[in-house]
Amino acid sequence: LLMNKVHEIKNLSSGLLRIGSFSSVHTNWLPAMVKEYQKHYPGVEVEMKCCDDYDRLEEMICSGEVDCGFVVLPAKKKMKVTEFYEDPVVAVVGENHPLADEPCFPASKLDQYPYIQSLVSSEREVDDIFERYGKKADVAYRVDNDFTMLSMISSGFGFAIFPELLLRHLNFPILAKSFNPPESRKIGFAIRAAGPASSAIKSFQETAEAWLEEWMVQ
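Calculation criteria
Going along each chain's sequence as written, the residues are numbered from 1 onward. Side-chain atom pairs in this predicted model are given and counted only at pLDDT of 80 or more, local residue features only at pLDDT of at least 70, and totals for whole chains, interfaces and linings cover all residues. As a rule here, side-chain values come from all non-hydrogen atoms in the structure, and water together with hydrogens is ignored. A pocket here means an open set of points on a 1 Å grid, computed over the protein atoms alone, that has protein on both sides within 12 Å along at least five of seven lines. A cavity is instead a set of points where a 1.4 Å probe fits but cannot get out; residues with an atom within 4 Å of a point line either one. Grid points are joined across faces, edges and corners, and a volume is the space filled by probe spheres set on the points. For helices the rule is a DSSP run of H or I covering at least 4 residues; for strands it is a run of E covering at least 2, with both sets numbered from the N terminus onward. When residues are sorted by character, Ala, Val, Leu, Ile, Met, Phe, Trp, Tyr, Cys and Pro go into the nonpolar class, Asp, Glu, Lys and Arg into the charged class, and all the rest, Gly among them, into the polar class. Throughout this description, the term nonpolar core refers to a set of buried Ala, Val, Leu, Ile, Met, Phe, Trp, Tyr and Cys residues connected via side-chain atoms within 4.5 Å. The rule is simple: take the accessible area with a 1.4 Å probe, protein chains only, and divide by the maximum for that residue type; under 20% is buried, over 50% is exposed, in between is partly exposed. We call two residues in contact when some of their heavy atoms are within 4.5 Å. Strand pairing is defined by DSSP finding a minimum of two bridges between the two strands. Note on terminology: disulfide denotes any pair of cysteine sulfur atoms within 2.5 Å. Any Lys or Arg side-chain nitrogen found within 4 Å of a carboxyl oxygen on Asp or Glu counts as a salt bridge. Stacked, edge-to-face and tilted labels apply to pairs of Phe, Tyr and Trp rings (six-membered ring for Trp) whose centres lie within 6.5 Å, assigned for plane angles under 30 degrees, over 60, and everything in between, in that order. To obtain the arc, one takes the directions from the helix axis to the C-beta atoms. Here a polar contact is recorded for every N or O atom pair within 3.5 Å, except that within protein the pair must consist of a potential hydrogen donor and a potential acceptor, and residues adjacent in sequence are included only if both atoms are side-chain atoms.

Enquirer: What is the right way to look at empty space enclosed by the protein in this model?
Expert: Using a probe with the size of a water molecule, rolled over the atoms, empty space left in the structure can be pinpointed. By the definition in use, this model includes one cavity of 30 Å³ or more. Approximately 150 Å³ is the volume found for the largest cavity. What lines the largest cavity is a set of 17 residues, among which Tyr 54, Ser 121, Glu 125, Pro 163 and Leu 166 lie closest to the centre. Per-element tally for the lining of the largest cavity: the top contributor is strand S7 (residues 160-163), with three residues. Classifying every residue of the lining of the largest cavity gives seven nonpolar, five polar and five charged.

Enquirer: Teacher, can you tell me more about the nonpolar core here?
Expert: Across soluble globular proteins, nonpolar side chains show a tendency to be buried alongside one another. Counting 38 residues, the largest nonpolar core has Leu 17, Ile 19, Trp 29, Phe 70, Phe 84 and Phe 204 as its most contacted members. Elements that contribute at least two residues to this core include exactly strand S1 (16-21), helix H3 (30-40), helix H4 (54-63), strand S3 (68-73), strand S4 (79-94), strand S9 (183-192) and helix H7 (199-216). Here this core takes seven residues from H7, the largest share from any one element. With residues up to four places along the chain from it excluded, the contact list for Ile 19 reads Leu 30, Val 34, Val 46, Glu 47, Met 48, Lys 49, Val 66, Cys 68, Gly 69, Phe 70 and Phe 204.

Enquirer: Whenever I open this one, the pairing of S4 confuses me. Can you help?
Expert: The side chains of a regular strand alternate, residue by residue, between the two faces of the sheet. Summarising the sheet, S4 and S9 pair through 10 bridges and their orientation is antiparallel. Looking across to S9, one finds that Thr 82 is bridged to Phe 189. Here S4 runs beside S7; their pairing, made up of four bridges, is antiparallel. Bridged to Val 90 within S7 is Phe 162.

Enquirer: Hey, could you run me through the state of the cysteines in this one?
Expert: What makes a disulfide is a covalent bond joining the sulfur atoms belonging to two cysteines. One pass over the full model with this rule turns up zero disulfides. Here Cys 62 stays free of any disulfide, with the sulfur of Cys 51 as its closest cysteine sulfur at 13 Å.

Enquirer: Hey, could you run me through the pattern of salt bridges in this one?
Expert: Two side chains of opposite charge can pair, provided their charged atoms sit close to one another. Per the counting criterion, the structure on display carries 14 salt bridges. Glu 65 serves as the salt-bridge partner of Lys 49, at 3.9 Å between the closest nitrogen and oxygen. Of this pair, Lys 49 sits in strand S2 (residues 45-50) while Glu 65 is found in the loop between H4 and S3, placing the two residues 16 residues apart along the sequence. By relative accessible area, Glu 65 is classed as partly exposed at 26%. It is possible to trace a salt-bridge network through shared partners that takes in Glu 47, Lys 49, Arg 56 and Glu 65.

Enquirer: Explain the packing of aromatic side chains to me, please; I cannot follow it from the model alone.
Expert: A full pass over the atoms with the stated rule returns 17 aromatic pairs. Feature note: the residues Trp 29, Tyr 37, Tyr 41, Phe 70, Phe 84, Tyr 85, Phe 189, Phe 204, Trp 211 and Trp 215 constitute an aromatic cluster, connected by ring pairs.

Enquirer: What is the right way to read helix H6 (residues 146-154) from this model?
Expert: Each α-helix winds once per 3.6 residues, and so residues spaced three or four apart point in a common direction. All of the buried residues along H6 are Asp 146, Met 149, Leu 150, Met 152 and Ile 153. Around the axis of H6, the buried residues are gathered within 160° of arc, so they sit on the same side. Buried residues in H6 make contact with S4, strand S5 (114-118), strand S6 (138-143), S7 and strand S8 (174-177). Structurally, the start of H6 carries an N-cap: the backbone nitrogen of Phe 147 is 2.8 Å from a side-chain oxygen of Asn 145. Looking one or two residues beyond H6, the residue adopting positive phi is Gly 156, at roughly 90°.

Limitation: the analysis is restricted to geometry and does not speak to function.
Now the structure itself:
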């Protein structure tokens, strides 16, 4: 046991930590989290892998392709998961959309306007919204890039549903409309179910949690 602990401490000064995540976390959280982590553990090499297919991302964690990762809950595969953040899910419309002046996007109208569907991102939380209200999207376009989707929305092609985290720091002329009642997705930090977490994983999780607390009050 003592030798294992010594080995883990040594790895913290010279090891490799592989982290998986999806686009919104990969862009808005991970760079700052990793920067903070490496202030304390500068010798640890960090590898970040982005995957917008939620099922594939879970498989990467379970198979050991990555050591840990951020996933959308509930996870389908058996993993050790800590709930991290509740991210609002909103309808995104252009400034000239018929609902542009409405305070929220009525769920009763989910099937009444052209919808732009993502070909890249897993839309588990989006599918859940349509299913919950018994609506079927009027899919007008299928697009393989989130930024292209946002550009099309701003040009009046239709609307789409996005997690709020993905919309941060964007300059598109778009409007984010919450639903009533509000919709959200839960983001968790996950590791493989088998065996204890390494010191590298534990220390990164602690760093990420502390960083997130500060980020939420900004």
